[in-house]
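Breakdown of the fold
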Amino acid sequence: MMAWKLLWRSWRGGQLALIFWSLVMAVVVVTAVALLADRVEKALVKESSHLLAADAQVRTSRAIPDDWLQRADDGGLKTVQMALFASMVYSGDNNHLAAVKAVQSGYPLRGLLTLAERPFVTTPEFFESVNHGPPAGEVWVDSRLLPILKMELGESLDVGEVTLRVSKVIVEEPDRGGSFSLFGARVLMNWQDLAASGVVQPGSRIDYRLLLAGEDSDLANYLAWLEPQLNSHDRLLSPDEAQAGIADTLVQGRRFLILAGSLGVVLAGIALALASRHYAAGQTAAVALLKSWGVSARRVRLLYWQQTFWLALVGSLLGLAIGWLVHESLVFLVRELLPVNLPQAGWRPWLVGLATGMLCLVGFALPALWHLPSLSPLAVLRRDVPVHPVSAMKRLVIGLLVIVLMLLWYSQSVALTLAILAGLAVTALAVMGPGWLLLNLARRLGNRAGSVWRLALANLWRRRGQTLVLLTGFAAAMAILMTLVMVRTTLMEQWRWQLAEDAPNHFLVNVAPHELDGVEHLLADNQLSSVGWYAMVRGRITLIDGQPPSDELVEQNNALRRELNLSWTDQLPEGNRVEEGLWWEGLDNFAERHGENVAPVSIEEDLASEIGVTLGSRLTFSVGGLTFDGVITSIRSLNWDTMTPNFYVLFPDGYLEKYPRIFMTSLYLPPEQKPFVNTLLSQYPTVLVIELDMVIERIRSMVTQVTHGLELMTLLILGCGVLVMLAAVKLSMAERLQESAILRTLGSTAQRILMVQSVEFGAQGALAGLLAAVGAELALFLLQRRMFEAPFGLHVELWLWGPLIGALLIGVLGVLYTRRAVNRPPLQVLGNLDI
Amino acid sequence: MIEANQLTKEVTTSEGVLRILDDINLTVADGEALAIVGPSGSGKSTLLGILAGLDTPSAGVVRVNGEDITAMTEEGRAAMRARYVGFVFQSFHLLPSLTALENVSLPLELRGDANATETARGYLDRVGLTARFSHYPRQLSGGEQQRVALARAFASRPKILFADEPTGNLDTVTGKTINDLLFQLNREEGTTLVLVTHEATLASRCHRRVTLRGGLLVGDEAALPGTPG
Ligand SMILES: Nc1ncnc2c1ncn2[C@@H]1O[C@H](COP(=O)(O)OP(=O)(O)OP(=O)(O)O)[C@@H](O)[C@H]1O
Ligand SMILES: [Mg+2]
């Protein structure tokens, strides 16, 4: 009760505002980050189990053995069998080589099938989500199958020897995978109709899959039993595996969020520590008074602990609420990158937020207040009674310890904690070193300048410890912010402009040889021209130097899991450059050295290094069940900006002639001719159109959204920086008050003193802005080199705006905050120094 | 009420041991008003602090109401202060974030007085600040602030009031009214008063006056008859 009363009165007196808001800020930053991370993580984990439509999947080319099913059943797992195969499907006179999938009715065990009752609808209101497959006698198909077969929904389709009714179209299939399917349209049928279709014959190529779902422990038990029985052609896909790529993204994202969060917490912690010190200094008189009235040290301790506890609790709760709002805004900003139905957060982020508030209290506020109960009551009689606060060193150690503890808890990783601490230390050093030099330089220059500048710069130098801490916070936050803004604007524009105005923006893939003339005519009829046709063969790399690639390598490289587009040409294509080895014409006696059946191979440099091959490596390719060998004779680099088809693997003319080929091309389609895509697809449904313009737009909007999200985070960090500044100014307020009072009794006008203050804060802001500009320029340099592969140019605008905005922001804030000091009558200040 | 025997206070400074009080013997009777006078630096405040149990002597004994407070722990002395003692200080020591009323009621609230606010109002009335209940110290003049401090000191009904130059920060006229108020309240409440002062007029209003010089008690005389109160 008493504590609440005292707390309320102190709050009303304004002594607690900074402590409170610093604590709130720390909790806000952490809660927002934790909530976002938690929800995204949940979504990704959920999605990755959807990728399998199950918790685990076994793929095999033989029928699933009965004992596998029996065992799964006994082990409390749900199972679904599927069979995937390519099969001709017929409707009237039309046929199509479809990608058929026969499923038991429990499919999908995880995730949902999205269906529609009308082909080609894109509006969600027509969608219907179900967790079961088609009933016996019916099939669900891709929309594009209907024009291919010139049929309507409700009509019947022959799959092998069985006739099935097409009842719905498939919009989304959980385990379809993100990539474009180059092959037939999907036909989803019921498992019971499989036998009747007669498709399953000895020797027919069928891909069987067993879907499994259940409790984690049951699943683990089962897989442990199953794994030894799998042979080299069987493949077990566990959630971990399906998550491999996602996990990567997750780790990266989490790292950034934790880094941003901890930067915010560290700044808020510094602000809290400074504000608490100021508060404690203001409380010495009150404590001495209480003790002179006979309030015991124990009671004083209890009173202050209760007050700080309640303050921290209320602050943390408010921080949780604001943190929730911030995280909602973040979710909104990056909405397109996230699944539509983001799962709700669990309890952990709330706990993390609350604990952060309490830990900040323990780490930053309590050490500053610790000595209060032991203050001597004699202070009511004598001014010079010594105060023994916890030493600065001890407070620093306690603060650091708490930060390390929090980092360990947030990241659950010693390595990451160390990395972040190192990052923070490097940032601090990188700012403080040059900052110190600049301050020193400014002071020397100031000595020659007018008295306002001299005073202001001397002040900065005298309070250089404080100044440097502030510089670090502001410069770091501003550098991140500036980098983000530049990426979102300048860099994206540059990247767009690198593409020529009429560069091809559509790829046509999977054009069969017999369709070639027709498509050519259609293009000509629409006054469109392609860049020419590229023939290719689809095949995969099965052996490297006679060995199957290791599981690990396969895991990491899509190129080893998928079919590649293999092409051939005698001329080195435009935009290609041989980096190592020789182009075909430079090869002497290749056939004599390697034999007639071995092909020279030219491979793209990134692919080569990813799968670990060099000049002379021998690759075995498998195309349509046939295999042949090739030896790498050249390594090429590609220029993707030309937007003409590029191939990772090239052969000389003649080597791939015996394999079935398909064609691809790229073309420029002016925006007003966009409907052409539909015309083309309705006539040639098997052709795959990759709309590059959409891809580019999508990348742009993704980058924009991500940077917007990051900008919001950075603004929060900047807010923490402002709190540090206010706390530091408040702590130096007594000193400032006295200075200004002395200056005024010496005849300085209030105007002039205000000038000194503005120059002091403005110069500080300008320095921070300057350092931030350096940081941002450096970051942009790296980004341009690594990600956008653009030439480097200085960004003059950074060097202008950085110092200007810094000077304005800190100058205005600082002057607003200290104006009171200047305007106070000197007598009042000199007479009574406790503020 | 208060009895001091052979009080000595020494402090160690960089220049060696400094003796601030030297063999002080003093008794203050119940209801008595005692003035401690002496030049600046003679040890008046130090003596007051020791008598009030805020500080401990290097040697000697202080008894308050018969209890040896020098033998007590700090907690024990705190309890003693809570039971017997009130203070008025030269620099008022009002808490800036509390209103006049809250400043007066705070010590009462701390000891769990259910009628804290009522009592505080009563005392503020008695020092003539009825209209200033909700004003903050910075909105009050020095004299008004010291009146609030007087109200605060008397509101907890101490047996002994210690005052260290209560008018030291005030001009003569204001000081006079504060003094009048102090003695009036002291008389009405029957408090024992120990007062440190520079001013002869103020000292002369006490029953008794002791003089300190260089830490030694050099004079102990009854005030002129007729003047007390
Ligand atoms: N803890 C201490 N350490 C060092 N010196 C002290 C200490 N306490 C008191 N003194 C010194 O002892 C002397 C007496 O101090 P005290 O405050 O009692 O004097 P005073 O008579 O109240 O003076 P004034 O009239 O100026 O208030 C002073 O010189 C003071 O500086
Ligand atoms: Mg004194």
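How each quantity is defined
Residues numbered from 1 in each chain as written. Chains lettered and ligands numbered in written order. Predicted model: local features only at pLDDT ≥ 70, side-chain atom pairs only at ≥ 80, totals over all residues. Heavy atoms only, no water. Domains from an automatic or database assignment. Phe/Tyr/Trp six-rings, centres within 6.5 Å; stacked < 30°, edge-to-face > 60°. Buried < 20%, exposed > 50% of the residue type's maximum accessible area, 1.4 Å probe, protein only. Lys NZ or Arg CZ within 6 Å of the ring centre and 35° of its normal. Contact = heavy atoms within 4.5 Å. Buried area = accessible area lost by both parts, 1.4 Å probe. Salt bridge = Lys/Arg side-chain N within 4 Å of Asp/Glu carboxyl O. Polar contact = N/O pair within 3.5 Å; in protein donor to acceptor, adjacent residues only side chain to side chain. Helix = DSSP H or I, 4+ residues; strand = E, 2+ residues; numbered from the N terminus. Nonpolar A, V, L, I, M, F, W, Y, C, P; charged D, E, K, R; others polar. pLDDT = per-residue confidence, 0-100. Expected span 1.5 Å × (residues − 1). Near = heavy atom within 4 Å. Patch = residues over 30% accessible without salt bridge, like charges linked within 9 Å, V, L, I, M, F, W, Y side chains within 5 Å. Areas by Shrake-Rupley, 256 points an atom, 1.4 Å probe, with all protein chains shown as cover. Pairing = 2+ DSSP bridges. Axes fitted to C-alpha atoms, helices over the stretch in contact; angles between N-to-C directions. Parallel < 35°, antiparallel > 145°, perpendicular 65-115°, else oblique. Left-handed = near helix turned anticlockwise from the far one by under 90°. Core = buried A, V, L, I, M, F, W, Y, C linked by side-chain atoms within 4.5 Å.

Overview of the domain arrangement of chain A
Many structure descriptions define interface size as the accessible area lost when the parts assemble. Segmenting chain A into domains produces domain 1 (16-44 + 247-498 + 699-831), domain 2 (56-242) and domain 3 (529-667). Put simply, the middle of domain 2 of chain A and the middle of domain 3 of chain A, counted by C-alpha atoms, are 33 Å apart.

Let's talk about the packing of aromatic side chains
Residue and element names in this part refer to chain A. Throughout the structure, instances matching the rule amount to 15 aromatic pairs over all chains. Relative to Phe20, the ring of Trp11 lies with its centre 5.0 Å away and its plane at 75 degrees, an arrangement referred to as edge-to-face. Assessed through its relative accessible area of 30%, Trp11 is described here as partly exposed. One aromatic cluster is present, formed by Phe621, Phe628, Phe651 and Tyr659 through successive ring pairs. Taking NZ or CZ as reference, Arg118 lies 4.3 Å from the ring centre of Phe126, over its face. Between the NZ or CZ atom of Arg464 and the centre of the ring of Trp461, over which it lies, the distance is 4.4 Å.

Some details on the interface of chain A and chain B
Each partner contributes to the interface: chain A provides 25 residues, whereas chain B provides 26 residues. Counting the surface lost from both chain A and chain B, the interface buries some 2300 Å², and carbon and sulfur atoms represent 62% of this. Counting the surface chain A buries against chain B, the share from its top three residues, Arg9(A), Trp293(A) and Leu381(A), is 29%. On the surface where chain A and chain B come into contact, there are four salt bridges. Inspection of the chain A/chain B interface yields nine residue pairs in polar contact (both at pLDDT 80 or more). Elements with a contribution of two residues or more to the side of chain A that touches chain B: helix H1 (2-12), helix H8 (244-292) and helix H9 (297-333) of chain A. Looking at the side of chain A that touches chain B residue by residue, the classes come out as 14 nonpolar, five polar and six charged.

A few points about the confidence of the model for chain A
Residues and elements named next belong to chain A. Averaged over all residues, the pLDDT of chain A equals 83, while 89% of them reach at least 70. Ignoring residues within four places in sequence, the model shows residues 178-182, a span with pLDDT below 50, making eight contacts including any to other chains. When the criterion is pLDDT under 50, residues 829-835 qualifies, and its contacts beyond four places in sequence or with other chains add up to 15 contacts.

A few points about helix H13 (residues 451-462) of chain A
In a regular helix each residue adds 1.5 Å, so twelve residues correspond to 16 Å; H13(A) covers 16 Å between its end C-alpha atoms and thus fits that length. Within the sequence span of H13(A), burial applies to Val452(A), Ala456(A), Leu457(A), Asn459(A), Leu460(A) and Trp461(A).

Points about the site of ligand 1
Around ligand 1 sit 14 residues in total, of which Arg382(A), Ser40(B), Lys44(B), Ser45(B) and Thr46(B) are the nearest. Lying at an intersection of chains, ligand 1 is approached by residues of chains A and B. At 3.2 Å from an oxygen atom of ligand 1 is found a main-chain nitrogen or oxygen belonging to Ser42(B). Within the side chain of Lys44(B), a nitrogen or oxygen atom sits 2.8 Å from an oxygen atom of ligand 1. Counting residues per element, the ones that place at least two in the shell around ligand 1 are strand E1 (2-13) and helix H1 (44-51) of chain B. The element best represented in the shell around ligand 1 is H1(B), accounting for three residues. Within the shell around ligand 1, the residues separate by chemical class into three nonpolar, eight polar and three charged.

Quick word on a nonpolar patch on the surface
Residue and element names in this part refer to chain A. A cluster of nonpolar side chains, contributed by Val796, Leu800, Trp801, Leu804, Ile805, Leu808, Leu809, Val812 and Leu816, occupies part of the molecular surface with about 900 Å² of accessible area. Looking at the secondary structure, you find Leu804 in helix H24 (residues 796-823). Judged by its relative accessible area of 47%, Leu804 falls in the partly exposed class.

Digging into the sheet that holds strand E4 (residues 59-64) of chain B
All names here are of chain B. Spatially, four strands are ordered E2-E1-E4-E5 in an open sheet, and the strand pairing comes out antiparallel. Single-partner strands in this sheet number two, and they are strand E2 (16-28) and strand E5 (67-68). As judged from the two bridges shared by E4 and E5, these two strands associate in the antiparallel manner. Within E5, the position partnered with Arg63 by the bridge is Asp68.

Some points on the sheet that holds strand E7 (residues 160-164) of chain B
All names here are of chain B. With mixed pairing, the six strands of this open sheet are ordered in space as E6-E7-E8-E3-E9-E10. Edge positions in the sheet fall to strand E6 (85-88) and strand E10 (216-222), since each has one partner strand and no second. Ignoring strand direction, the axes of neighbouring strands in this sheet form an average angle of 15 degrees. Bridging between strand E9 (residues 208-213) and E10 involves six bridges; their strand directions are antiparallel. What sits directly across from Leu212, in E10, is Leu217. Its contacts with the sheet place helix H5 (residues 142-155) against E6 and E7, and it is angled at close to 175 degrees to E6.

As for the pairing of strand E20 (residues 662-667) of chain A
Residues and elements named next belong to chain A. The element E20 is extensively covered by neighbouring structure, given that six of its six residues are classed as buried. Side-chain alternation along E20 places Ile662, Met664 and Ser666 on one buried face and Phe663, Thr665 and Leu667 on a second face that is also buried. Inspection of the sheet shows strand E12 (residues 506-511) paired to E20 by four bridges, in the antiparallel sense. Across the sheet, the residue bridging to Leu508 is Thr665, located in E20.

Comments concerning unusual backbone geometry
Of note, the amide linkage connecting Tyr107(A) to Pro108(A) takes the cis form, showing an omega dihedral of -10 degrees. Relative to the assigned elements, Pro108(A) resides in the loop between strand E3 (94-103) and strand E4 (113-116). Residue Asp545(A) is not a glycine yet carries a positive backbone phi of 50 degrees. Its location among the elements puts Asp545(A) in the loop between strand E13 (534-544) and helix H16 (551-556). Phi at Phe92(B) is positive, roughly 65 degrees, even though this residue is not glycine. Relative to the helices and strands, Phe92(B) resides in the loop between E6 and helix H3 (100-110).

With respect to the packing of helix H3 (residues 66-74) of chain A against helix H6 (residues 216-226) of chain A
Residues and elements named next belong to chain A. Where H3 meets H6, the closest approach of the two axes is 10 Å, and the angle between their N-to-C directions is 155 degrees. Of the possible angle classes, the one that applies to H3 and H6 is roughly antiparallel. Note on packing geometry: the crossing formed by H3 with H6 is right-handed. Taking contact as the criterion, the partners of Asp67, Trp68, Arg71 and Ala72 in H3 are, on H6, Tyr222, Trp225 and Leu226. For the contact of H3 with H6, the residue count by class is five nonpolar, no polar and two charged.

Here's the deal with the packing of H3(B) against helix H4 (residues 116-126) of chain B
Residues and elements named next belong to chain B. Relative orientation of the contacting elements H3 and H4 amounts to 130 degrees, with a least axis distance of 8 Å. When the axes of H3 and H4 are compared, the pair comes out oblique. Two packed elements cross with a definite hand, and for H3 against H4 that hand is right-handed. Across the interface between the two elements, Ala100, Leu101, Val104, Ser105, Leu108 and Glu109 from H3 touch Ala116, Thr117, Thr119, Ala120, Arg121 and Leu124 from H4. Its residues assigned to classes, the contact of H3 with H4 shows seven nonpolar, three polar and two charged.

Brief notes about the nonpolar core
Counting residues in hydrophobic clusters, the biggest one holds 152 residues, and the most contacted among them are Ile2(B), Leu47(B), Leu51(B), Leu106(B), Phe162(B) and Val194(B). In terms of residue count, H8(A) provides more of this core than any other element does, 19 residues in total. Non-local contacts of Leu47(B), meaning those with residues more than four positions away in its chain, are made with Leu7(B), Leu21(B), Ile24(B), Leu26(B), Ile36(B) and Leu212(B).

Side note on the pattern of salt bridges
Close approach of charged atoms allows side chains of opposite charge to pair. Residues and elements named next belong to chain B. Applying the stated criterion to the full structure yields 31 salt bridges over all chains. Here Asp22 ties to Arg19 by a salt bridge, and the two come within 2.9 Å at their closest N and O atoms. What makes Asp22 partly exposed here is its relative accessible area of 23%. Take Arg19: its relative accessible area is 41%, and that puts it in the partly exposed class. A salt bridge links Arg157 to Glu189; its shortest N-O distance comes to 3.4 Å. Of this pair, Arg157 sits in the loop between H5 and E7 while Glu189 sits in helix H6 (residues 172-189); the two residues are 32 residues apart in sequence, bridging distant segments of the chain. Looking at Glu189, the relative accessible area reads 18%, which means it is buried.

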